[in-house]
Amino acid sequence: SIAVASGPAAQKAWRPRDAVAEGVIMARDLINEPANVLYPEEFARRAGALKKAGVAVEVLDVAAMRKLGMNALLFEASGVGPHRTVILMHGLPGNERNLDLAQAIRSAGWDVLTFTYRGAWGSPGDFSISNAIEDTAAALEFARSPEAAKFGIDPRHIVLAGHSMGGATATMTAAGATELDGLILIDAWNPVLGTSKGAVTRAQLVTAFDDFGHSLH
C-alpha cells in the first residue's frame with residue numbers, strides 16, 4: 001500500500017508514467033523475441049494492438065506494399081532524428097532475415113533499413129547474385145536521398161552490415177562507395193577465396209550451389 005495525500009491526484013499523476021512503463025516493457029519483449037517467434041506477421045499483430053492505446057497504426061499487406069513499390073522495412077529509433085542508420089542485408093533467401101538484430105540496433109538509437117532482394121520473400125523480379133548487389137547499391141542510394149531524410153535517416157552517417165551472402169553484397173557495395181561510417185560483416189560469404197564444397201572457379205561454384213546456381217549471373 002502507498003499512502004498519498006490525494007488518491008485521485010496520485011492516479012492522475014501516475015497514468016502517463018504507467019503508459020511509459022508499459023511501453024518500455026513491450027519494447028523490451030519485442031527486442032528479446034527470437035526471429036522464429038517475432039516474424040513479420042506476428043510483429044504486425046502486436047503493433048496493431050497499440051490501437052487500443054490510441055496509437056495510429058497502419059499495417060500494409062504484401063499487395064499494398066507492391067502497389068506502393070515497397071520492398072523494405074525501416075526500424076526507426078526513438079527520439080528526434082535524424083538518426084545514424086544501418087543498412088542491413090540478409091543472407092541467402094530462405095534462411096534468415098536478421099530482424100531480431102535490426103530490433104537490437106534500433107534499441108541502441110540507430111535507424112535500421114532492411115530490404116529483401118528481388119525475387120526473395122515476395123519481392124517482385126528475379127533473384128540473382130548480381131541483382132542482389134544492385135539492390136544493395138540502390139538501398140544505399142535511397143538512404144542518401146532527400147526522400148530518406150523525410151523518414152529521419154541521416155545521410156551523412158551510414159553503416160553497411162550484412163550476414164552471410166549479405167556480407168558479400170555489403171562488401172562489394174562498400175568497395176565502390178565513399179564516406180561510409182563503417183562496414184559490419186557477420187559470417188560473410190567470400191566468393192573470391194572459395195566457398196562450399198571447395199569451389200574456386202565459377203563453374204565449380206555453380207556446381208557446388210546447384211540449388212541456386214542458375215542465379216549466379
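Heads up: the structure comes first, above all this text.
Quick summary incoming for the structure in this document. (Residues numbered from 1 in each chain as written. Predicted model: local features only at pLDDT ≥ 70, side-chain atom pairs only at ≥ 80, totals over all residues. Heavy atoms only, no water.)

**Examining the overall build of the protein chain**
Argument step 1. Regarding its fold elements, the protein chain presents eight helices and five strands.
Argument step 2. Ordered by position in the sequence, the α and β elements of the protein chain form the string α-α-α-β-β-α-β-α-α-β-α-β-α.
Argument step 3. Out of the 217 residues belonging to the protein chain, those deemed buried represent 31%.
Argument step 4. Pairs at least 24 residues apart make up 63% of the contacts formed inside the protein chain by residues separated by at least 6 positions.
Argument step 5. Within the structure as shown, the protein chain displays about 12,900 Å² of accessible surface, and the carbon and sulfur contribution to it stands at 58%. (Helix = DSSP H or I, 4+ residues; strand = E, 2+ residues; numbered from the N terminus. Buried < 20%, exposed > 50% of the residue type's maximum accessible area, 1.4 Å probe, protein only. Contact = heavy atoms within 4.5 Å. Areas by Shrake-Rupley, 256 points an atom, 1.4 Å probe, with all protein chains shown as cover.)

**Quick look at the packing of aromatic side chains**
Argument step 1. Scanning the entire structure with this criterion turns up three aromatic pairs.
Argument step 2. On the basis of an interplanar angle of 85 degrees and a centroid distance of 5.5 Å, the ring pair of Phe 115 and Tyr 117 is categorised as edge-to-face. Each member of the pair, Phe 115 as well as Tyr 117, carries the same accessibility label: buried. (Phe/Tyr/Trp six-rings, centres within 6.5 Å; stacked < 30°, edge-to-face > 60°.)

**Quick notes on the nonpolar core**
Argument step 1. Residues Ile 87, Met 89, Phe 115, Tyr 117, Ile 158, Leu 160 and Met 165 are the most contacted members of the largest nonpolar core, which totals 20 residues.
Argument step 2. Listing elements by their share of this core, those giving two or more residues are β2 (83–89), β3 (111–115), α5 (129–143), β4 (153–163) and α7 (165–175).
Argument step 3. Among the elements that take part in this core, α5 stands out by supplying five residues, more than any other.
Argument step 4. The contact partners of Ile 87, leaving out residues within four places of it in the chain, are Leu 113, Phe 115, Ala 139, Leu 140, Ala 143, Ile 158, Val 159, Leu 160 and Ala 161.
Argument step 5. With nine residues, the next largest nonpolar core counts Val 86, Leu 99, Ile 105 and Val 112 among its residues. (Core = buried A, V, L, I, M, F, W, Y, C linked by side-chain atoms within 4.5 Å.)

**Here's the deal with the packing of α5 against α7**
Argument step 1. Packing of α5 against α7 brings their axes to within 9 Å, and their N-to-C directions diverge by 60 degrees. Between α5 and α7, the angle is such that the two are oblique. For the pair α5 and α7, the sense of crossing is right-handed. For the pair α5 and α7, contact is made by Ile 129, Ala 132, Ile 133, Thr 136, Ala 137 and Leu 140 and by Met 165, Thr 169, Ala 170, Met 172 and Thr 173, respectively.
Argument step 2. Taken together, the residues that form the contact of α5 with α7 break down as eight nonpolar, three polar and no charged. (Axes fitted to C-alpha atoms, helices over the stretch in contact; angles between N-to-C directions. Parallel < 35°, antiparallel > 145°, perpendicular 65-115°, else oblique. Left-handed = near helix turned anticlockwise from the far one by under 90°. Nonpolar A, V, L, I, M, F, W, Y, C, P; charged D, E, K, R; others polar.)

**Thoughts on the pairing of β2**
Argument step 1. For β2, a buried count of six out of seven residues is recorded, marking the element as mostly surrounded by other parts of the structure.
Argument step 2. Pairing analysis gives four bridges linking β2 to β3, with the strands arranged parallel. By the bridge assignment, Thr 85 is partnered in β3 with Asp 111. (Pairing = 2+ DSSP bridges.)

**Some thoughts on the pattern of salt bridges**
Argument step 1. Applying the stated rule across the entire model yields eight salt bridges.
Argument step 2. We note a salt bridge from Glu 42 to Arg 46, for which the minimum N-O separation is 2.7 Å. Linking Glu 42 with Arg 46, this pair stays in helix α2 (residues 40–48), spanning four residues, or about one helical turn. In terms of burial, Glu 42 and Arg 46 fall into one category: buried.
Argument step 3. A network of salt bridges, in which partner residues are shared, links Glu 42, Arg 45 and Arg 46. (Salt bridge = Lys/Arg side-chain N within 4 Å of Asp/Glu carboxyl O.)

**Considering helix α1 (residues 7–32)**
Argument step 1. Over its 26 residues, α1 runs 36 Å from end to end, which matches the ideal 38 Å to within 8%, given 1.5 Å per residue.
Argument step 2. Of all the bends in α1, the largest measures some 35 degrees and sits at Arg 15, one to four residues before the proline Pro 16.
Argument step 3. Between a side-chain oxygen at the N-terminus of α1 and the backbone nitrogen of Ala 9 the separation is 3.4 Å; the capping residue is Ser 6. (Expected span 1.5 Å × (residues − 1). Bend = angle between axes of the 7 residues up to and from the residue. Polar contact = N/O pair within 3.5 Å; in protein donor to acceptor, adjacent residues only side chain to side chain.)

**Here we look at the sheet that holds β2**
Argument step 1. The strand order across the open sheet built from five strands is β1-β3-β2-β4-β5, with neighbouring strands paired in mixed fashion. Each edge of the open sheet carries a strand with a single partner, namely β1 (72–75) and β5 (182–186). Each strand of the sheet is rotated relative to its neighbour by a mean of 20 degrees, with strand direction disregarded.
Argument step 2. In terms of strand pairing, β2 meets β4 through six bridges, oriented parallel. By the bridge assignment for β4, Met 89 is matched with Gly 162.
Argument step 3. Strands in contact with α7 are β2, β4 and β5; relative to β4, the strand with the most contacts, it is inclined by about 135 degrees.

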